[in-house]
Amino acid sequence: MSIDVKGLGFSYGRRDVLRDVSFSIPDGMLVNVLGPNGVGKSTLFRCILCLNTGWTGSITVNGRDLRSLSVRERAREIAYIPQSHSSVYDYNVLDVVLMSASGGVGMFGSPKKRHVERAWEALERVGVAHLGHRPYTRISGGEKQLVLIARAIAQDARTIVMDEPTSALDYGNTVRVLSAVRQLAREGMSIVQSTHQPDQAFLYADRTLVLNEGRVCAYGDPKDVVTKELVSAIYHVDVEVCSLYGDKVRVCVPVSELDRKQAREEAER
Amino acid sequence: MGNGTGEPRAVSGACPADGEGTSPRRAADQDEARCASRRSARRSNLAIAVLAALLVASSLVSLMLGRYPINPAEAVGMLAHLAVPFDPFWTSQQETLFFQVRLPRIVLALLVGCSLAAAGAAYQGTFQNPLVSPDILGASQGAAFGAAVAILLGCTSLFISVSAFLFSIAAVLLVLLIGSRARGNHLLIVVLAGVMVSSLFSAGVSYTKLVADPSDQLAAITYWLMGSLTGAKWGDMALAAAPIAVGLVVLFALRWRINVLTMGDDEASTMGVNARRVRLLVILAATLVTAASVSISGMIGWVGLVIPHFSRMIIGCDYRKLLPASMLMGATFLLVVDDLARLMASSEIPIGILTAFVGAPFFLYLITRRKQQL
């Protein structure tokens, strides 16, 4: 098990954000986390990354208690790809990726040749090595996200946590980033990512975790979890889940607009 | 950059649909990128070498500049005489002036310029803000208050420096203490506390001015506040050199970590850097350096803000290169400005005024130029 969460609870002041959250993620599994805004997805991630302290319950990473790990050991287990990213200074893409070497370099050291080599390899793996020498602030949003994925790869952690990696990207870049992530999971990494598109799970996830009001609402195979009833209930919109290509993939369609459209057409006739 | 915008190729690159592995064209682009990155590394090494050469050249020229003439042969001769004994071909008056006035002053300018620029660069990185200067946490105002009080008590120049140093460190520690107690956005609170503590101490300075004896003490305080390298003495410098050396060594050793800090605490810690601890270490080292240099030179603004920017334009943001470049450039800059300060007018202009005269317009030029690039 790469991540095992048991009875996780967290509150900001008196407001409970997470209550009794339990789930486990086996190695090499891509998990999508679904849930409306403000339901605690980011908080859950921040707890797993130890950016939030003061949570209750237990989180074990690779069989080791998260609380017992040092900052450096944690970085070797879990890498993080943030939601939206801007850097104050104009670092080169390669330098951004090189930052992942922090855990492997002594307090007063700087990256060695092998770290540089690993950074280039990571960039090649997601197909953005040709950007290596360019300023990070002057590449497109999709490229930035791919560079951050390369950084997580170069960090050489077993698990990657991604907070809405595609929320700011256009359609093409979304597909590209998700494909790259899918590929990483196939190569044995465990990945947890949050998303706002419920049907992304059918193509790009092995499991879906649905959070609602700070609790785990459902967890399992996307086909079992992302159903008409559940999506309609948690997002409060009427949704139809349709099957395509002999059920290789499914899509979610908001039906209220569909009904209205049908009514209009009938009226015109 | 052989690939135009880079955008279309990123497409085929990341998309598994095109499956056939690396196309020859893409491999060429990757090689191109590696070469370009190696080229820029070489370029920045060269830039650092040039800066170092400039530093040496301007130091040598400065040794000869002044109202009292010392020609190049004499200057070199006097320096060489320290190591190799031979008959002097210069007057003893020249020798006194050279070793007791000119040389210490030049060394002081180099030391202070280097310190302020290094501290400024370090602060700008840890606070993820390019508009930060070394006095952001109250180091300068604290030093000013310490110096003003010491002047008020009629202390010697050595004790004025010590008092300035101690108050400067105390001001920053106070800010850090407030920061550690507060809840919420830690960085923001530290900066706010810095502003508050600064204004507290500057009110204190105003009060000492009010009660100071206008015939001599007030002038001394005002003069100290303007910053000057005039009274450079080996003794004061020796005292300041130790904290400066310790601080600079720590900053230099941490220079790559500062890169990671600029990404913010969350990311830094998920990459294995204990952000709070590293930041504290950087702040303490930078404060030590700032406090020591301000306590012997008075308030010299702008160097710590402008020089890191200028270095960044030449050499990029990577602190592995940026820190040494800032140090070299800061030392050279302050030396040149100090040469102007002592040569431009018949009575000397305090260097703090001159750095502002040079620094402010230059900074404005920088930020307007930035806009054009965007």
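Predicted, not measured: the structure shown is a model, and the values here were computed from it. (Residues numbered from 1 in each chain as written. Chains lettered and ligands numbered in written order. Predicted model: local features only at pLDDT ≥ 70, side-chain atom pairs only at ≥ 80, totals over all residues. Heavy atoms only, no water.)

### A few points about the overall build of chain B
Thinking step 1. In terms of regular secondary structure, chain B is built from 15 helices and zero strands.
Thinking step 2. Reported as C-alpha extents along the three principal axes, the dimensions of chain B are approximately 85 × 60 × 35 Å.
Thinking step 3. Long-range pairs, those at least 24 residues apart, make up 74% of the contacts in chain B between residues at least 6 apart in sequence.
Thinking step 4. Total accessible area on chain B is roughly 16700 Å²; 68% of this is exposed by carbon and sulfur atoms.
Thinking step 5. Between the averaged position of the 27 positive side-chain charges in chain B and that of its 20 negative side-chain charges there is a distance of 6 Å. (Helix = DSSP H or I, 4+ residues; strand = E, 2+ residues; numbered from the N terminus. Contact = heavy atoms within 4.5 Å. Areas by Shrake-Rupley, 256 points an atom, 1.4 Å probe, with all protein chains shown as cover. Lys, Arg positive; Asp, Glu negative; His and termini not counted. Charge placed at Lys NZ, Arg CZ, Asp CG, Glu CD.)

### A few points about the nonpolar core
General note: in soluble globular proteins, nonpolar side chains tend to be found buried as a group.
Thinking step 1. With 145 residues, the main nonpolar core has Leu123, Val147, Ile149 and Ile160 of chain A together with Phe127, Leu137 and Trp224 of chain B as its most contacted residues.
Thinking step 2. No other element matches helix α4 (residues 92–126) of chain B, which puts 15 residues into this core.
Thinking step 3. Those residues in contact with Phe127 of chain B that lie beyond four places of it in its chain are Val132, Ile136, Leu137, Leu187, Val190, Val191 and Ile283 of chain B.
Thinking step 4. By size, the runner-up hydrophobic cluster in this structure holds 31 residues, among which are Val17, Leu18, Phe23 and Leu49 of chain A. (Core = buried A, V, L, I, M, F, W, Y, C linked by side-chain atoms within 4.5 Å. Buried < 20%, exposed > 50% of the residue type's maximum accessible area, 1.4 Å probe, protein only.)

### Quick word on the pattern of salt bridges
Thinking step 1. Across all of its chains, the model carries 21 salt bridges over all chains by this definition.
Thinking step 2. Between Arg342 of chain B and Asp339 of chain B there is a salt bridge, with the nearest N and O atoms lying 3.0 Å from each other. On the criterion of helical spacing, the pair formed by Arg342 of chain B and Asp339 of chain B is a turn pair, its members being three residues apart in helix α14 (residues 319–343). Asp339 of chain B shares its class with Arg342 of chain B; the two are buried.
Thinking step 3. In the salt-bridge network here, residues are joined through shared partners; they are Arg64, Glu73, Glu77 and Arg158 of chain A. (Salt bridge = Lys/Arg side-chain N within 4 Å of Asp/Glu carboxyl O.)

### Considering the sheet that holds strand β7 (residues 159–162) of chain A
Residue and element names in this part refer to chain A.
Thinking step 1. Here we have six strands laid out as an open sheet, ordered β6-β7-β8-β3-β9-β10, and mixed in their pairing. At either margin of the open sheet sits one strand with a lone partner, and together these are β6 (78–81) and β10 (215–220). Pairs of neighbouring strands in the sheet enclose a mean axial angle of 20 degrees, with direction left out of account.
Thinking step 2. In this fold helix α5 (residues 141–155) packs onto β6 and β7, with an angle of close to 170 degrees to the strand it touches most, β6.
Thinking step 3. Lying over the sheet, helix α6 (residues 171–186) contacts β3 (30–34), β7 and β8 (190–194), oriented at roughly 150 degrees with respect to β8. (Pairing = 2+ DSSP bridges. Axes fitted to C-alpha atoms, helices over the stretch in contact; angles between N-to-C directions.)

### What to know about the UniProt feature "transmembrane region" (unreviewed entry) in chain B
Thinking step 1. As annotated in UniProt, the feature "transmembrane region" (unreviewed entry) corresponds to residues 46–66, 103–123, 143–176, 188–208, 239–258, 278–307 and 349–368 of chain B in the numbering used here.
Thinking step 2. Annotated as residues 46–66 of chain B, this span is 90% helix and 0% strand, and its ends, taken at the C-alpha atoms, are 32 Å apart. (UniProt positions renumbered as here; feature names shortened; annotations may be inferred.)

### Some points on the confidence of the model for chain B
All names here are of chain B.
Thinking step 1. Averaged over all residues, the pLDDT of chain B equals 86, while 91% of them reach at least 70.
Thinking step 2. Here residues 1–21 is modelled with pLDDT under 50, and outside its nearest four sequence neighbours on either side it reaches 34 contacts, counting other chains as well.
Thinking step 3. In the predicted complex, the global pTM is 0.88; the interface-specific ipTM is 0.87. (pLDDT = per-residue confidence, 0-100.)

### Some remarks on the packing of helix α6 (residues 157–181) of chain B against helix α12 (residues 275–297) of chain B
Residues and elements named next belong to chain B.
Thinking step 1. Put simply, α6 and α12 touch, their axes get as near as 8 Å, and they point 155 degrees apart. Relative to α12, the element α6 lies roughly antiparallel. The element α6 and its partner α12 pack so that their crossing is right-handed. Taking contact as the criterion, the partners of Ser161, Ala164, Phe165, Ser168, Ile169, Val172, Leu173 and Leu176 in α6 are, on α12, Leu280, Ile283, Leu284, Thr287, Leu288, Ala291, Ala292, Ser295 and Ile296.
Thinking step 2. For the contact of α6 with α12, a count of residues per class yields 13 nonpolar, four polar and no charged. (Parallel < 35°, antiparallel > 145°, perpendicular 65-115°, else oblique. Left-handed = near helix turned anticlockwise from the far one by under 90°. Nonpolar A, V, L, I, M, F, W, Y, C, P; charged D, E, K, R; others polar.)

### Structural notes on the packing of helix α5 (residues 139–152) of chain B against helix α7 (residues 186–211) of chain B
All names here are of chain B.
Thinking step 1. In contact at an axis separation of 8 Å, α5 and α7 are set at 20 degrees when each is read in the N-to-C sense. Classified by the angle between their axes, α5 and α7 sit roughly parallel to one another. Considering only the axes of α5 and α7, their crossing is left-handed. In contact with Gln141, Gly142, Ala144, Phe145, Ala148, Val149 and Leu152 of α5, α7 contributes Ser198, Phe201, Ser202, Gly204, Val205, Thr208 and Val211.
Thinking step 2. Broken down by class, the residue content of the contact of α5 with α7 amounts to eight nonpolar, six polar and no charged.

### A closer look at the interface of chain A and chain B
Thinking step 1. Contacts between the two partners involve 51 residues from chain A and, on the opposite side, 50 residues from chain B.
Thinking step 2. Both sides of the chain A and chain B interface together cover about 4300 Å² of buried area, and 60% of this is carbon and sulfur.
Thinking step 3. Counting the surface chain A buries against chain B, the share from its top three residues, Tyr89, Met107 and His130 of chain A, is 17%.
Thinking step 4. Linking chain A with chain B are five salt bridges.
Thinking step 5. For Arg151 of chain A, the salt bridge goes to Glu267 of chain B, with nearest N and O atoms at 2.8 Å.
Thinking step 6. Linking chain A with chain B are eleven residue pairs in polar contact (both at pLDDT 80 or more), by the criterion used here.
Thinking step 7. Elements supplying a minimum of two residues to the side of chain A that touches chain B: α2 (71–77), β6, α3 (93–98), α4 (113–125), α5 and α6 of chain A.
Thinking step 8. Here the side of chain A that touches chain B is composed, by residue class, of 23 nonpolar, 17 polar and eleven charged. (Buried area = accessible area lost by both parts, 1.4 Å probe. Polar contact = N/O pair within 3.5 Å; in protein donor to acceptor, adjacent residues only side chain to side chain.)

### Regarding the environment of Gly330 of chain B
Residue and element names in this part refer to chain B.
Thinking step 1. You can see Gly330 is positioned in helix α14.
Thinking step 2. Relative accessible area serves as the criterion here: at 0%, Gly330 is assigned to the buried category.
Thinking step 3. The spacing of Gly330 and Val306 is 24 residues in sequence and 9.1 Å in space, taken between C-alpha atoms.
Thinking step 4. When residues no more than four places from it in sequence are discounted, the contact partners of Gly330 are Gly113, Cys114, Ala117 and Ile307.

### Considerations on the packing of aromatic side chains
Residue and element names in this part refer to chain B.
Thinking step 1. One pass over the full model with this rule turns up eight aromatic pairs over all chains.
Thinking step 2. Between Phe89 and Trp90, the aromatic rings sit 4.9 Å apart at their centres with planes inclined by 75 degrees, giving edge-to-face as the arrangement.
Thinking step 3. Its relative accessible area of 47% is what places Phe89 among the partly exposed residues.
Thinking step 4. With 5.4 Å between their ring centres and 80 degrees between their planes, Phe145 and Phe167 make a pair best called edge-to-face. (Phe/Tyr/Trp six-rings, centres within 6.5 Å; stacked < 30°, edge-to-face > 60°.)

### Section: the sheet that holds strand β1 (residues 3–12) of chain A
Thinking step 1. With antiparallel pairing, the four strands of this open sheet are ordered in space as β2-β1-β4-β5 (chain A). Taken across any chain shown, the strands that pair with only one partner, and hence form the sheet edges, are β2 (15–25) and β5 (64–65) of chain A.

### Quick notes on the state of the cysteines
Residues and elements named next belong to chain A.
Thinking step 1. Here the structure, examined in full by the defined rule, presents zero disulfides over all chains.
Thinking step 2. Cysteine Cys50 is unpaired, with the sulfur of Cys47 as its nearest cysteine sulfur at 8.4 Å.
Thinking step 3. Cysteine Cys242 shares no disulfide, and the gap to the nearest cysteine sulfur, in Cys252, comes to 8.3 Å.
Thinking step 4. For Cys242, a relative accessible area of 29% translates into the label partly exposed. (Disulfide = S-S within 2.5 Å.)

### Regarding the side chain of Asp339 of chain B
Thinking step 1. Asp339 of chain B gets classed as buried once you look at its relative accessible area, which sits at 9%.
Thinking step 2. Filtering out sequence-adjacent residues up to four positions away, Asp339 of chain B remains in contact with Ser62 and Leu65 of chain B.

### Here's the deal with the side chain of Ser168 of chain B
Thinking step 1. You can see Ser168 of chain B is positioned in helix α6.
Thinking step 2. Look past the residues within four positions of Ser168 of chain B in its chain and what remains in contact with it is Ala139, Gly142, Ala143 and Ala291 of chain B.

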